[in-house]
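Examining the three-dimensional arrangement
Listed below are the residues making up each chain.
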Amino acid sequence: MKYTLMHKNIAVADVEIDEDLGVITSIDNISAKKHLPVGVVHQLRREKTVDRYAMNHWWAGRSIPASRMGVADALETLGVYSSMQLLTKCLGLSLSDHYWLRPYDSNITWEAVNFFDNDFSDDIGDVLFGTNTKNDGFDFVSPDNTSDGNLKKRWKIIDGKRCLVKSGSDPYSQQPFNEVIAAIIMKRLGIDHVSYLLTWLNDKPYSVCEDFITKDTELISAWRVLQLRPKANHENEYLHYVNICKELGVDIVPAIDRMIVLDYIIANEDRHFNNFGLLRDANTLEWIGAAPIFDSGTSLWYNKSASRFISSDIICKPFKKTHGEQLKLVSSYDWFDISKLDGIEGEILNVLCEDKAVRYVEAERAKAIAAEVRKRVDALENIVSNCSAYDVSSNDGDVEGNTAASYN
Ligand SMILES: Nc1ncnc2c1ncn2[C@@H]1O[C@H](COP(=O)(O)OP(=O)(O)O)[C@@H](O)[C@H]1O
Ligand SMILES: [Mg+2]
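Residues numbered from 1 in each chain as written. Chains lettered and ligands numbered in written order. Predicted model: local features only at pLDDT ≥ 70, side-chain atom pairs only at ≥ 80, totals over all residues. Heavy atoms only, no water.

In the vicinity of ligand 1 lie 18 residues, with Ser96, Lys153, Lys166, Glu210 and Asp295 positioned nearest. Between a nitrogen atom of ligand 1 and a main-chain N or O atom of glutamate 210, the distance comes to 2.9 Å. For ligand 1, whose free accessible area comes to 550 Å², the fraction covered by protein is 94%. Elements represented by at least two residues in the shell around ligand 1 include exactly β5 (153–158), β6 (161–166) and β8 (204–210). Split into classes, the residues belonging to the shell around ligand 1 amount to seven nonpolar, five polar and six charged. In terms of domain composition, the shell around ligand 1 takes at least three residues from each of domain 1 (2–157) and domain 2 (217–402). (Near = heavy atom within 4 Å. Polar contact = N/O pair within 3.5 Å; in protein donor to acceptor, adjacent residues only side chain to side chain. Areas by Shrake-Rupley, 256 points an atom, 1.4 Å probe, with all protein chains shown as cover. Helix = DSSP H or I, 4+ residues; strand = E, 2+ residues; numbered from the N terminus. Nonpolar A, V, L, I, M, F, W, Y, C, P; charged D, E, K, R; others polar. Domains from an automatic or database assignment.)

With that settled, consider the sheet that holds strand β3 (residues 23–28). The strand order across the open sheet formed by four strands is β3-β2-β1-β4, and the pairing between neighbours is antiparallel. Looking at the sheet topology across the chains shown, the edges are occupied by β3 and β4 (99–103). Going from strand to strand, the sheet's axes swing by 40° on average, the running direction of each strand aside. Sheet topology places strand β2 (residues 10–18) next to β3; five bridges connect them, and they run antiparallel. Pairing of isoleucine 17 across the sheet is with isoleucine 24, part of β3. (Pairing = 2+ DSSP bridges. Axes fitted to C-alpha atoms, helices over the stretch in contact; angles between N-to-C directions.)

Many authors give the size of an interface as the accessible area that is lost as the parts come together. When cut into domains, the protein gives domain 1 (2–157) and domain 2 (217–402). Just the C-alpha atoms count here: the centres of domain 1 and domain 2 sit 29 Å apart. Listed by partner, the interface residues are 16 residues for domain 1 and 17 residues for domain 2. Summed over both sides, the interface between domain 1 and domain 2 buries roughly 1300 Å², with carbon and sulfur atoms accounting for 52% of that surface. Counting every contact that joins domain 1 to domain 2 gives zero salt bridges. At the junction of domain 1 with domain 2, the criterion picks out seven residue pairs in polar contact (both at pLDDT 80 or more). Counting residues per element, the side of domain 1 that touches domain 2 draws most heavily on helix α1 (residues 52–60), which supplies three residues. (Contact = heavy atoms within 4.5 Å. Buried area = accessible area lost by both parts, 1.4 Å probe. Salt bridge = Lys/Arg side-chain N within 4 Å of Asp/Glu carboxyl O.)

Moving on, we get to empty space enclosed by the protein. Counted according to the given criterion, the structure contains one cavity of 30 Å³ or more. Here the largest cavity defines a volume of roughly 30 Å³. (1 Å grid on protein atoms, 1.4 Å probe; cavity = no way out; pocket = protein on both sides within 12 Å on 5 of 7 lines; lining within 4 Å. Points joined across faces, edges and corners; volume = space filled by probe spheres on them.)

Okay, the pairing of strand β11 (residues 287–290) next. Looking at chain direction, strand β10 (residues 277–281) and β11 are connected through three bridges and run antiparallel. Note that in β11 the partner of leucine 278 across the bridge is alanine 290. Where β10 folds back onto β11 in an antiparallel hairpin, the turn is made up of five residues, including leucine 285, whose phi is positive at roughly 70°.

Where helix α5 (residues 175–189) contacts helix α10 (residues 344–352), the two axes come as close as 10 Å, and the packing angle between them is 150°. Regarding the angle of α5 to α10, the classification is roughly antiparallel. For the element pair α5 and α10, the recorded crossing hand is right-handed. For the pair formed by α5 and α10, the contact residues are Phe177, Val180, Ile181, Ile184, Ile185 and Arg188 on the first element and Ile344, Glu347, Ile348, Val351 and Leu352 on the second. Partitioning the contact of α5 with α10 into residue classes produces nine nonpolar, no polar and two charged. (Parallel < 35°, antiparallel > 145°, perpendicular 65-115°, else oblique. Left-handed = near helix turned anticlockwise from the far one by under 90°.)

Moving on: α5. Its 15 residues give α5 an end-to-end C-alpha distance of 21 Å, which sits within 8% of 21 Å, the value for a rise of 1.5 Å per residue. Of all 15 residues in α5, 13 are buried, a share of seventy percent or more. After α5 finishes, the residue glycine 190 shows a positive phi value of roughly 70°. (Expected span 1.5 Å × (residues − 1). Buried < 20%, exposed > 50% of the residue type's maximum accessible area, 1.4 Å probe, protein only.)

Every protein donor of the magnesium ion (ligand 2) is accounted for by Asn275 (OD1) and Asp295 (OD), and the metal-donor separations fall at 2.1 Å. Of this pair, asparagine 275 sits in the loop between α8 (253–265) and β10 while aspartate 295 sits in the loop between β11 and α9 (323–327), and the two are 20 residues apart along the sequence. Neither residue differs from the other here; asparagine 275 and aspartate 295 are each classed as buried. (Donors = N, O, S within 2.8 Å, 3.2 Å for Na, K, Ca; no water.)

Let's shift gears to unusual backbone geometry. A cis amide bond links aspartate 170 to the next residue, proline 171, at an omega of 5°. Along the polypeptide, proline 171 turns up in the loop between β6 and α5. Note the cis peptide between lysine 317 and proline 318, where omega equals 5°. Topologically, proline 318 is positioned in the loop between β11 and α9. The backbone phi angle of alanine 267 is positive, close to 50°, even though this residue is not glycine.

In structure tokens, the structure reads:
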């Protein structure tokens, strides 16, 4: 079927979509090149045409990943083969940006369909959470069709606000608690972040955060930013990102410094390039700066037994393979006041030891987590006072690829 790819009310290009496969088979009549999704223009050809492969990569990236917890059962219930088939059923609309598909020759406006102003169905979220009461006749109009990430999640309108509700994974379901703890640490350190609260549904813990995107802003992941141009020979992943941001007029270094320090403190294992990014003005296309930090839950030894809380086991992303190496990329600690973390252990215990939490995180485990964080903060104190100039262009210990943790 033929559609016009829209960016709010701007017609960007005409696309043909194979509804069975959910893929874009042709792209014509590009009428607003500047509004094309970031990074879909051919990089290797002199004439800068749209790369259909890159466009499909972007489009597929809007769908629920095949690695999402419980997605196979959900698709079976919904009667579709692939989450790619869900995209056109909600016109590709999302709560993280403003791209959508307008059926060709229709004159629907963005105001009439966007999920920021218009309510959406709970059906897809109910199926994804396994709480559906119906087994057919689903209303597919939901931003859950365009949500990324491997943890079970759904968008929900709570008190008129668009909120993302996200689960944890077995065996400790720790991610929702970790999101809350990471937000507390960032608040203390003055790091721009998304606020997360804990909620319980059917006795299971979930994190809830408000949509940090508005009708006038959008999130462009670091991964998409990296697609703007190939990595130069002299660049490692870190410089590739930092330099492109600079070319876009954004000094991203202070935000990356803060993210690296946070991830060290919480032993974050999943800061891949889709877990941070830039904010862009959706109307003027001006780059605003770093997006507030979100998705910090795959941290704090979330899947390890307390006897395995050893630093060498911790995966590090996105730049270096170990947090120790990655910390060397931090260019300034001027902003970092370690005294702001005084007594952080107590606050961590408060989160992990709340009423029902003990069923998931036993008291001994909670104490071990709080103690490990304290150790990392103390180690950081030494690192800060002994840090010396480091060549950020070094390739030593670089991460290869961009993979997200999977929890199945
Ligand atoms: N508060 C938010 N507002 C807008 N978009 C969000 C928000 N939180 C997450 N997202 C988007 O949803 C995606 C999935 O959420 P994330 O928290 O990363 O889940 P997961 O832990 O499963 O990876 C993110 O990559 C981002 O694009
Ligand atoms: Mg994520």
